[in-house]
Amino acid sequence: MSLTVLFSAPEAYWERYRETLPRAFAEAGLDVTLTRAAAPETVDFIVFAPKGPVSDFGPYSNCRAVLSLWAGVETIVGNATLTQPLCRMVDSGLEEGMVEWVTGHVLRHHLGIDRQILSQDGVWAPVVPPLARDRRVAILGLGALGRACAEALAALRFDVMGWSRTPRDVPGVACQHGAAGLRAVLEAAEIVVLLLPLTPETDTLINAERLDWLPDGAVLINPGRGALIDDDAVLAALDAGRLGHATLDVFRTEPLPPEHPFWAHPKVTVTPHIASETRPESAARVIAENIRRSVAGAPLLFLVDRDQGY
Ligand code: NDP
C-alpha cells in the first residue's frame, strides 16, 4: 500500500528529517511519499511540529493520525479542527538529553559548583557538600522524561521524590500523586524539577502559595513549560531569599524578551529552551513505527488523551 505523509513543520525541520524519515520508512517496510504539500484528502498521516503550515485539520478527511515531533502538545491538543488521533513524541534521544540536562543542573546546585567558579579569590574556604543521599530532590511529572530523570538521580543516590496525577511506581523513588501529594513533596524538596506538560490543571501550578511550601533556600529547575510557574511569584520568592535559585529553560514568551527581569537576576539561570530536543534518527523510527502500527490495525503508541490535555 502506498501512503502519503505530509510534513507540516517549520523549514529548519525539513533539513533534519527529509532524509531520516524516508530511511526509517524504508527500514519499517513502508511505501511512503513524504511531501510538504498535497491535496488534503490524499494525505494518510501528518507529521507535525508547531508553527508549520497546517493549522486547520478539517480538510484532511482521510488522515489516520497526526504524529507530533514534540513531546509537549499544548499548542495542538485544543485545536477544534483536529478530530484525528494525535500522538506525542516519546524518543530515546529526547529522554537521554533531558536526563543529562537535569542531572547536570541538579549536580550544579547540589555540589555548590558556582561557589568554586565564582570565588577564585585566593581564599581557601572549604565547604564540603553533603552526599547525594542527603539531598532531597523532587521531580514533578513522572512521565517519559520525569521518570527517566528520577531514575538517573536515584542511581546517583539522591533522595528522590516524584509526583504525578495518577499513582506511579518508580524503583528508588518516593512517589506521591494528586493534590494531596503535592504539598508533602514540596515541603520536603530542596531541589524541585518541573517535568509536567502544560494543561489547564498544571498552568501556574507553581504560584506564590506553593512556593511558600518549599524549604528556605530551595532551588527550582524548570525544563517543563514556562507557564507552569508564576514569573512574578518566583521573582518575589528569590528577592525575599525564600527561593535560593531558579534555573529556567522554558518561558511564557519565547524567545524570552531582552527586558524580562529573569535575564538580569543574579539568582536566575536562563537557558534558551535547550534542555532537550527530539533527535531525528530515533524520532523518525518512532514515527515510522506508529505508521506501521496504524496500517497493521495495531494500537498507536503515545496516543494523547484529549480530555487530560497530554
Ligand atoms: P508525559 O506525558 O510522558 O508525562 C507527563 C507527566 O506529568 C505524567 O507523569 C503525568 O501524570 C504528570 N501530570 C500531568 N498532569 C498532571 C497533574 N495535573 N498533576 C500531577 N501530575 C501531572 O510527558 P513527558 O515526560 O514526555 O514530557 C513532559 C514535558 O516536558 C512535556 O510536556 C514538555 O512540556 C516538556 N519538554 C520540555 C523540553 C525542553 O527542551 N525543555 C523537551 C521535551 C519536553 P500521570 O503519570 O499520572 O499521567
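Residues numbered from 1 in each chain as written. Predicted model: local features only at pLDDT ≥ 70, side-chain atom pairs only at ≥ 80, totals over all residues. Heavy atoms only, no water.

1. With respect to the site of the ligand
Our working rule: By convention in this text, a residue qualifies as near a molecule or strand provided that one of its non-hydrogen atoms is within 4 Å of it. Distance and chemistry together define a polar contact, namely a pair of N or O atoms within 3.5 Å, with one atom able to donate a hydrogen and the other to accept it when in protein, and with adjacent residues in sequence counting only for side-chain atoms on both sides. Using the Shrake-Rupley algorithm and a 1.4 Å probe, accessible areas are obtained, with residue cover drawn only from the displayed protein chains. Secondary structure elements are defined from DSSP: runs of H or I of at least 4 residues count as helices, runs of E of at least 2 residues count as strands, and each element is numbered from the N terminus. Classification convention: Asp, Glu, Lys, Arg as charged; Ala, Val, Leu, Ile, Met, Phe, Trp, Tyr, Cys, Pro as nonpolar; all other residues, Gly among them, as polar.
Surrounding the ligand, one finds 30 residues, the nearest of these being Arg88, Thr166, Arg168, Ser276 and Tyr310. Arg88 is positioned with one of its side-chain polar atoms (N or O) 2.6 Å from an oxygen atom of the ligand. Contact between the ligand and Pro223: a nitrogen atom at 2.8 Å from a main-chain N or O atom of the residue. Contact with the protein chains removes 94% of the 940 Å² of surface that the ligand exposes when unbound. Of all the elements in the fold, those that place two or more residues in the shell around the ligand are helix H3 (92–111), helix H5 (144–155) and strand S7 (159–164). In the shell around the ligand, the residues fall into 14 nonpolar, ten polar and six charged.

2. Describing the sheet that holds strand S1 (residues 2–8)
Note the threshold: Criterion used throughout: strands pair if DSSP finds at least two bridges between them.
Taken in spatial order, the five strands line up as S2-S1-S3-S4-S5 in an open sheet, and their pairing is parallel. Each end of this open sheet is capped by a strand with a single partner; those strands are strand S2 (31–35) and strand S5 (86–87). Bridge count for S1 against strand S3 (residues 45–48) is four bridges, and the pairing is parallel. Each bridged residue has a counterpart across the sheet, and for Val5 the counterpart in S3 is Phe45.

3. Here we look at the nonpolar core
Quick reminder of the rule: Residue types Ala, Val, Leu, Ile, Met, Phe, Trp, Tyr and Cys, when buried and joined through side-chain atoms within 4.5 Å, form a set referred to as a nonpolar core. Under the scheme applied here, a residue whose accessible area is under 20% of the maximum for its type counts as buried, over 50% as exposed, and between as partly exposed, the area being computed with a 1.4 Å probe on protein chains only. Note on contacts: a residue pair qualifies if any of its non-hydrogen atoms lie within 4.5 Å across the two residues.
Among the nonpolar cores identified, the biggest contains 36 residues, and Leu140, Ile206, Ile229, Val234 and Phe262 are the most heavily contacted of them. Of all the elements, helix H8 (residues 231–239) adds the most residues to this core, at five residues. Apart from the residues lying within four places of it in its own chain, the contact partners of Phe262 are Ile229, Asp231, Val234, Leu235, Leu248, Phe251, Leu256, Val268 and Val270.

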